[in-house]
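# Close look at the chain arrangement
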Amino acid sequence: MMTRRETNIGLISSAAVVAAGNVASAQGAKAIDLPPPRSQGGKPLIEALRLRRSIRAYAPQPLPPQVLSDLLWAAFGINRPASGDRTAPYWRHVMVIDVFAAMSDGVWLYEPKAHRLLPYLQGDIRARTGTQDFVATAPLNLVYVAHGERMGDIPAEDRRLYASVDTGFIGQNVYLFCASEGLATVFRAALDYGQLARTMELGAGQFVTFAQTVGYPA
Ligand SMILES: Cc1cc2nc3c(=O)[nH]c(=O)nc-3n(C[C@H](O)[C@H](O)[C@H](O)COP(=O)(O)O)c2cc1C
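Residues numbered from 1 in each chain as written. Predicted model: local features only at pLDDT ≥ 70, side-chain atom pairs only at ≥ 80, totals over all residues. Heavy atoms only, no water.

## Focus: the layout of surface pockets
Formally: For each structure, a 1 Å grid was placed over the protein atoms alone; sets of points admitting a 1.4 Å probe that cannot get out are labelled cavities, open sets with protein on both sides within 12 Å along at least five of seven lines are labelled pockets, and lining residues have an atom within 4 Å of a point. Grid points are joined across faces, edges and corners, and a volume is the space filled by probe spheres set on the points. Every helix listed is a DSSP run of H or I at least four residues long, and every strand listed is a run of E at least two residues long, numbered separately from the N terminus. Residue type decides the class: Asp, Glu, Lys and Arg count as charged, Ala, Val, Leu, Ile, Met, Phe, Trp, Tyr, Cys and Pro as nonpolar, and the leftover types, Gly among them, as polar.
Computed from the structure, the largest pocket encloses a volume of approximately 390 Å³. In this structure, the largest pocket is lined by 17 residues; those nearest its centre are Gly41, Trp73, Ala74, Phe177 and Ser180. Secondary-structure elements contributing two or more residues to the lining of the largest pocket are helix 2 (45-51), helix 3 (65-76) and helix 4 (156-181). The greatest single-element share of the lining of the largest pocket, amounting to five residues, is contributed by helix 4. Here the residues of the lining of the largest pocket are counted per class, giving seven nonpolar, six polar and four charged.

Now the structure itself:
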(Lines give C-alpha, C1' and ligand atoms only; values in the text may rest on other atoms or scores of the structure.)
Protein backbone atom coordinates (compact mmCIF):
# COMPACT_ATOMS: atom_id res chain seq x y z
CA MET A 1 0.00 0.00 0.00
CA MET A 2 1.30 3.45 -0.88
CA THR A 3 1.99 5.95 1.88
CA ARG A 4 0.29 9.31 1.75
CA ARG A 5 3.54 10.94 0.64
CA GLU A 6 4.07 8.40 -2.16
CA THR A 7 0.52 8.92 -3.31
CA ASN A 8 1.09 12.63 -3.33
CA ILE A 9 4.32 12.43 -5.31
CA GLY A 10 2.35 10.55 -7.95
CA LEU A 11 -0.30 13.23 -7.93
CA ILE A 12 2.23 16.03 -8.26
CA SER A 13 3.64 14.46 -11.38
CA SER A 14 0.17 13.77 -12.69
CA ALA A 15 -0.57 17.51 -12.52
CA ALA A 16 1.88 18.10 -15.34
CA VAL A 17 0.38 15.22 -17.31
CA VAL A 18 -3.14 16.55 -16.86
CA ALA A 19 -1.93 19.96 -17.95
CA ALA A 20 -0.15 18.52 -20.93
CA GLY A 21 -3.43 17.06 -22.11
CA ASN A 22 -4.85 20.53 -22.36
CA VAL A 23 -1.70 22.16 -23.62
CA ALA A 24 -2.72 20.95 -27.08
CA SER A 25 -5.34 23.68 -27.12
CA ALA A 26 -2.67 26.26 -26.46
CA GLN A 27 -1.44 25.61 -30.02
CA GLY A 28 2.28 25.85 -29.76
CA ALA A 29 2.67 28.26 -26.85
CA LYS A 30 5.79 27.46 -24.85
CA ALA A 31 6.24 27.07 -21.11
CA ILE A 32 7.58 30.16 -19.36
CA ASP A 33 10.39 29.66 -16.87
CA LEU A 34 9.82 32.11 -14.06
CA PRO A 35 12.86 33.80 -12.48
CA PRO A 36 13.78 32.19 -9.15
CA PRO A 37 11.60 33.59 -6.37
CA ARG A 38 13.30 36.05 -4.05
CA SER A 39 14.27 34.46 -0.78
CA GLN A 40 14.52 37.73 1.14
CA GLY A 41 12.76 41.05 1.43
CA GLY A 42 9.18 42.03 1.97
CA LYS A 43 7.55 43.79 4.87
CA PRO A 44 7.54 42.28 8.37
CA LEU A 45 4.54 40.00 8.88
CA ILE A 46 2.87 42.31 11.38
CA GLU A 47 3.03 45.21 8.94
CA ALA A 48 1.63 43.06 6.14
CA LEU A 49 -1.23 42.01 8.41
CA ARG A 50 -1.93 45.66 9.20
CA LEU A 51 -2.05 46.50 5.49
CA ARG A 52 -4.04 43.48 4.25
CA ARG A 53 -7.30 44.45 2.59
CA SER A 54 -9.42 43.81 -0.50
CA ILE A 55 -9.08 46.25 -3.38
CA ARG A 56 -11.42 46.40 -6.40
CA ALA A 57 -9.88 49.06 -8.67
CA TYR A 58 -6.87 48.06 -10.77
CA ALA A 59 -4.40 49.72 -13.11
CA PRO A 60 -4.01 47.81 -16.37
CA GLN A 61 -0.23 47.42 -16.31
CA PRO A 62 1.04 43.83 -16.19
CA LEU A 63 3.04 42.37 -13.34
CA PRO A 64 6.80 42.16 -14.07
CA PRO A 65 8.13 38.58 -14.27
CA GLN A 66 9.90 38.81 -10.89
CA VAL A 67 6.72 39.98 -9.18
CA LEU A 68 4.72 37.20 -10.82
CA SER A 69 7.36 34.70 -9.76
CA ASP A 70 7.38 35.88 -6.16
CA LEU A 71 3.59 36.02 -6.04
CA LEU A 72 3.08 32.47 -7.31
CA TRP A 73 5.76 31.13 -5.01
CA ALA A 74 4.14 32.87 -2.05
CA ALA A 75 0.73 31.57 -3.13
CA PHE A 76 1.50 27.86 -3.36
CA GLY A 77 5.15 27.39 -4.26
CA ILE A 78 7.55 24.85 -2.82
CA ASN A 79 9.20 26.02 0.40
CA ARG A 80 10.81 22.66 1.30
CA PRO A 81 12.54 21.37 -1.82
CA ALA A 82 13.46 18.00 -0.32
CA SER A 83 9.81 17.04 0.15
CA GLY A 84 8.16 19.30 -2.42
CA ASP A 85 5.91 20.70 0.28
CA ARG A 86 4.27 24.07 -0.12
CA THR A 87 3.85 27.54 1.34
CA ALA A 88 0.23 26.67 2.22
CA PRO A 89 -1.04 23.62 4.11
CA TYR A 90 -3.24 21.16 2.26
CA TRP A 91 -5.76 18.48 3.09
CA ARG A 92 -4.36 15.02 3.88
CA HIS A 93 -1.16 15.81 2.03
CA VAL A 94 -3.04 15.26 -1.23
CA MET A 95 -2.37 17.84 -3.92
CA VAL A 96 -5.86 18.94 -4.83
CA ILE A 97 -5.53 22.57 -5.92
CA ASP A 98 -3.95 23.84 -9.12
CA VAL A 99 -3.34 27.57 -9.51
CA PHE A 100 -4.12 28.96 -12.96
CA ALA A 101 -3.11 32.45 -14.08
CA ALA A 102 -5.55 34.12 -16.48
CA MET A 103 -3.78 37.01 -18.17
CA SER A 104 -4.22 38.98 -21.40
CA ASP A 105 -2.11 36.44 -23.30
CA GLY A 106 -4.00 33.35 -22.17
CA VAL A 107 -4.39 30.96 -19.28
CA TRP A 108 -1.32 29.42 -17.70
CA LEU A 109 -0.95 26.64 -15.16
CA TYR A 110 1.54 27.29 -12.37
CA GLU A 111 3.85 24.31 -12.06
CA PRO A 112 5.61 24.73 -8.68
CA LYS A 113 8.23 22.00 -9.07
CA ALA A 114 9.94 23.67 -12.02
CA HIS A 115 8.58 27.07 -10.95
CA ARG A 116 7.23 27.79 -14.39
CA LEU A 117 4.02 28.50 -16.23
CA LEU A 118 2.62 25.87 -18.56
CA PRO A 119 0.46 27.11 -21.42
CA TYR A 120 -3.09 25.95 -20.85
CA LEU A 121 -5.49 27.94 -23.04
CA GLN A 122 -4.97 30.62 -25.64
CA GLY A 123 -7.08 33.74 -25.56
CA ASP A 124 -8.03 36.32 -22.99
CA ILE A 125 -10.67 34.82 -20.69
CA ARG A 126 -10.25 37.36 -17.87
CA ALA A 127 -13.78 38.70 -18.27
CA ARG A 128 -15.11 35.20 -17.63
CA THR A 129 -13.29 34.78 -14.33
CA GLY A 130 -15.86 36.83 -12.45
CA THR A 131 -18.98 38.92 -12.56
CA GLN A 132 -17.34 42.18 -11.47
CA ASP A 133 -16.16 44.63 -14.16
CA PHE A 134 -12.57 45.01 -12.95
CA VAL A 135 -11.73 41.36 -13.67
CA ALA A 136 -11.68 42.00 -17.44
CA THR A 137 -8.88 44.57 -17.28
CA ALA A 138 -6.87 43.72 -14.17
CA PRO A 139 -3.61 42.12 -15.34
CA LEU A 140 -4.00 38.84 -13.46
CA ASN A 141 -6.84 36.68 -12.25
CA LEU A 142 -5.80 33.58 -10.35
CA VAL A 143 -8.28 30.75 -10.79
CA TYR A 144 -8.12 28.01 -8.18
CA VAL A 145 -9.14 24.63 -9.59
CA ALA A 146 -9.73 21.56 -7.45
CA HIS A 147 -9.12 18.03 -8.64
CA GLY A 148 -12.03 16.39 -6.85
CA GLU A 149 -11.15 13.10 -8.46
CA ARG A 150 -7.97 13.00 -6.37
CA MET A 151 -9.85 13.21 -3.10
CA GLY A 152 -10.94 9.62 -2.99
CA ASP A 153 -14.14 8.24 -1.66
CA ILE A 154 -15.59 11.17 0.27
CA PRO A 155 -18.95 12.89 -0.27
CA ALA A 156 -19.10 15.70 -2.83
CA GLU A 157 -19.85 18.32 -0.16
CA ASP A 158 -16.71 17.28 1.72
CA ARG A 159 -14.69 17.62 -1.47
CA ARG A 160 -15.86 21.20 -1.84
CA LEU A 161 -15.28 21.90 1.86
CA TYR A 162 -11.68 20.71 1.98
CA ALA A 163 -10.83 22.15 -1.44
CA SER A 164 -12.23 25.49 -0.29
CA VAL A 165 -10.14 25.43 2.88
CA ASP A 166 -7.00 24.61 0.88
CA THR A 167 -7.83 27.53 -1.41
CA GLY A 168 -8.42 29.88 1.50
CA PHE A 169 -4.90 29.34 2.78
CA ILE A 170 -3.48 30.06 -0.67
CA GLY A 171 -5.68 33.13 -0.94
CA GLN A 172 -4.40 34.49 2.36
CA ASN A 173 -0.81 33.95 1.24
CA VAL A 174 -1.65 36.05 -1.81
CA TYR A 175 -3.29 38.72 0.35
CA LEU A 176 -0.24 39.00 2.59
CA PHE A 177 2.19 39.04 -0.33
CA CYS A 178 0.18 41.80 -1.98
CA ALA A 179 0.04 43.78 1.23
CA SER A 180 3.80 43.45 1.53
CA GLU A 181 4.45 44.51 -2.07
CA GLY A 182 1.92 47.32 -2.47
CA LEU A 183 -0.22 45.26 -4.85
CA ALA A 184 -4.01 45.12 -4.97
CA THR A 185 -5.95 41.89 -4.62
CA VAL A 186 -9.40 40.52 -3.88
CA PHE A 187 -10.47 36.92 -3.30
CA ARG A 188 -13.66 36.17 -5.19
CA ALA A 189 -16.63 33.83 -5.24
CA ALA A 190 -18.80 36.05 -7.47
CA LEU A 191 -18.32 34.14 -10.69
CA ASP A 192 -20.31 31.98 -13.07
CA TYR A 193 -18.92 28.59 -12.05
CA GLY A 194 -20.50 26.64 -14.91
CA GLN A 195 -19.39 29.07 -17.59
CA LEU A 196 -15.85 29.27 -16.23
CA ALA A 197 -15.55 25.47 -16.00
CA ARG A 198 -16.67 25.18 -19.62
CA THR A 199 -14.36 27.97 -20.74
CA MET A 200 -11.43 26.29 -19.01
CA GLU A 201 -12.40 22.88 -20.40
CA LEU A 202 -12.17 21.34 -16.94
CA GLY A 203 -12.20 17.57 -16.76
CA ALA A 204 -14.58 15.30 -14.88
CA GLY A 205 -14.20 15.80 -11.15
CA GLN A 206 -12.47 19.15 -11.49
CA PHE A 207 -14.13 22.32 -10.25
CA VAL A 208 -13.31 25.95 -9.64
CA THR A 209 -13.25 26.86 -5.96
CA PHE A 210 -12.56 30.62 -6.07
CA ALA A 211 -10.75 33.23 -8.11
CA GLN A 212 -8.51 36.08 -6.98
CA THR A 213 -7.60 39.23 -8.86
CA VAL A 214 -4.11 40.72 -8.51
CA GLY A 215 -2.61 43.90 -9.94
CA TYR A 216 -1.50 47.39 -9.12
CA PRO A 217 -4.02 49.63 -7.39
CA ALA A 218 -5.64 52.14 -9.76
C1 LIG B 1 -15.07 33.29 0.52
C2 LIG B 1 -14.95 34.71 0.09
C3 LIG B 1 -15.56 35.14 -1.07
C4 LIG B 1 -15.44 36.46 -1.48
N5 LIG B 1 -16.00 36.84 -2.66
C6 LIG B 1 -15.85 38.11 -3.09
C7 LIG B 1 -16.34 38.49 -4.37
O8 LIG B 1 -16.88 37.71 -5.13
N9 LIG B 1 -16.16 39.77 -4.75
C10 LIG B 1 -15.55 40.70 -3.95
O11 LIG B 1 -15.43 41.85 -4.37
N12 LIG B 1 -15.06 40.37 -2.74
C13 LIG B 1 -15.18 39.08 -2.30
N14 LIG B 1 -14.63 38.70 -1.12
C15 LIG B 1 -13.88 39.67 -0.31
C16 LIG B 1 -14.70 40.13 0.88
O17 LIG B 1 -15.81 40.92 0.44
C18 LIG B 1 -13.82 40.96 1.81
O19 LIG B 1 -12.76 40.15 2.26
C20 LIG B 1 -14.59 41.48 3.00
O21 LIG B 1 -15.54 42.45 2.57
C22 LIG B 1 -13.68 42.14 4.04
O23 LIG B 1 -12.91 43.17 3.44
P24 LIG B 1 -11.31 43.16 3.49
O25 LIG B 1 -10.82 41.93 2.75
O26 LIG B 1 -10.87 44.42 2.83
O27 LIG B 1 -10.93 43.08 4.93
C28 LIG B 1 -14.72 37.39 -0.69
C29 LIG B 1 -14.09 36.93 0.48
C30 LIG B 1 -14.19 35.63 0.86
C31 LIG B 1 -13.46 35.16 2.11
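## Some words on the nonpolar core
Here is the rule we go by: By convention a nonpolar core is built from buried Ala, Val, Leu, Ile, Met, Phe, Trp, Tyr and Cys residues, the set being connected through side-chain atoms within 4.5 Å. With a 1.4 Å probe rolled over the protein chains alone, any residue whose accessible area is under 20% of its type maximum counts as buried; one over 50% counts as exposed, and the rest are partly exposed. Only heavy atoms matter for contacts: two residues are in contact if any of them lie within 4.5 Å across the pair.
In this structure, Leu68, Leu71, Leu140 and Val214 are the most contacted members of the largest nonpolar core, which totals 37 residues. Within the residue set of this core, elements represented by two or more residues are helix 3, strand 4 (97-103), strand 5 (106-111), strand 7 (140-147), helix 4 and strand 9 (206-215). Those residues in contact with Leu71 that sit more than four places away from it in its chain are Leu63, Leu140, Val174, Phe177, Cys178 and Val214. Counting residues in hydrophobic clusters, the runner-up holds 16 residues, among them Leu118, Leu121, Val145 and Val208.

## Topic: the pairing of strand 4
Heads up, the rule is: DSSP-based pairing: two strands are paired if at least 2 bridges between them are found.
Most of strand 4 is tucked away, with seven of its seven residues classed as buried. Of the two faces of strand 4, both are covered, the one formed by Ile97, Val99, Ala101 and Met103 as well as the one formed by Asp98, Phe100 and Ala102. One ladder, built from six bridges, connects strand 4 with strand 7; its direction is antiparallel. By the bridge assignment for strand 7, Asp98 is matched with Val145. Strand direction decides the pairing type here: strand 4 and strand 5, joined by four bridges, are antiparallel. Paired with Ala101 across the bridge in strand 5 is Trp108. What sits between strand 4 and strand 5 in their antiparallel hairpin is a turn of two residues.

## Structural notes on the packing of helix 3 against helix 4
Helix-helix packing is characterised by the crossing angle of the two axes and by the distance between the axes. Convention followed: As a rule, the C-alpha atoms of each element are fitted with a line to give its axis, helices using only the stretch in contact, and angles between N-to-C directions run from 0 to 180 degrees. To sort the angles, those under 35 degrees are grouped as roughly parallel, those over 145 as roughly antiparallel, those from 65 to 115 as roughly perpendicular, and the leftovers as oblique. Should the near helix be turned anticlockwise from the far one by less than a right angle, the crossing is termed left-handed; should it be turned clockwise, right-handed.
At their nearest, the axes of helix 3 and helix 4 sit 7 Å apart, and the two run at 140° to each other. With respect to each other, helix 3 and helix 4 are oriented oblique. The way helix 3 lies across helix 4 gives a crossing that is right-handed. Contact residues: helix 3 offers Val67, Asp70, Leu71, Ala74, Ala75 and Phe76, while helix 4 offers Ile170, Asn173, Val174, Phe177 and Cys178. Of the residues belonging to the contact of helix 3 with helix 4, the class tally is nine nonpolar, one polar and one charged.

## Remarks on the pattern of salt bridges
Applicable threshold: Each salt bridge in this description consists of a side-chain nitrogen of Lys or Arg and a carboxyl oxygen of Asp or Glu lying within 4 Å of one another.
Applying the stated criterion across every chain yields a total of four salt bridges. Salt-bridge contacts for Arg38 lead to Glu181; the nearest nitrogen and oxygen are separated by 3.0 Å. In this pair, Arg38 sits in the loop between strand 1 (32-33) and helix 2 while Glu181 sits in helix 4, placing the two residues 143 residues apart along the sequence. A residue is classified by how much of its surface remains accessible, and Arg38, at 38% relative accessible area, is partly exposed. Taking the relative accessible area as the measure of exposure, Glu181 reaches 29% and is therefore partly exposed. Through salt bridges that share partners, Arg38, Asp70 and Glu181 make up one connected network.

That is the geometry; function is a separate question.
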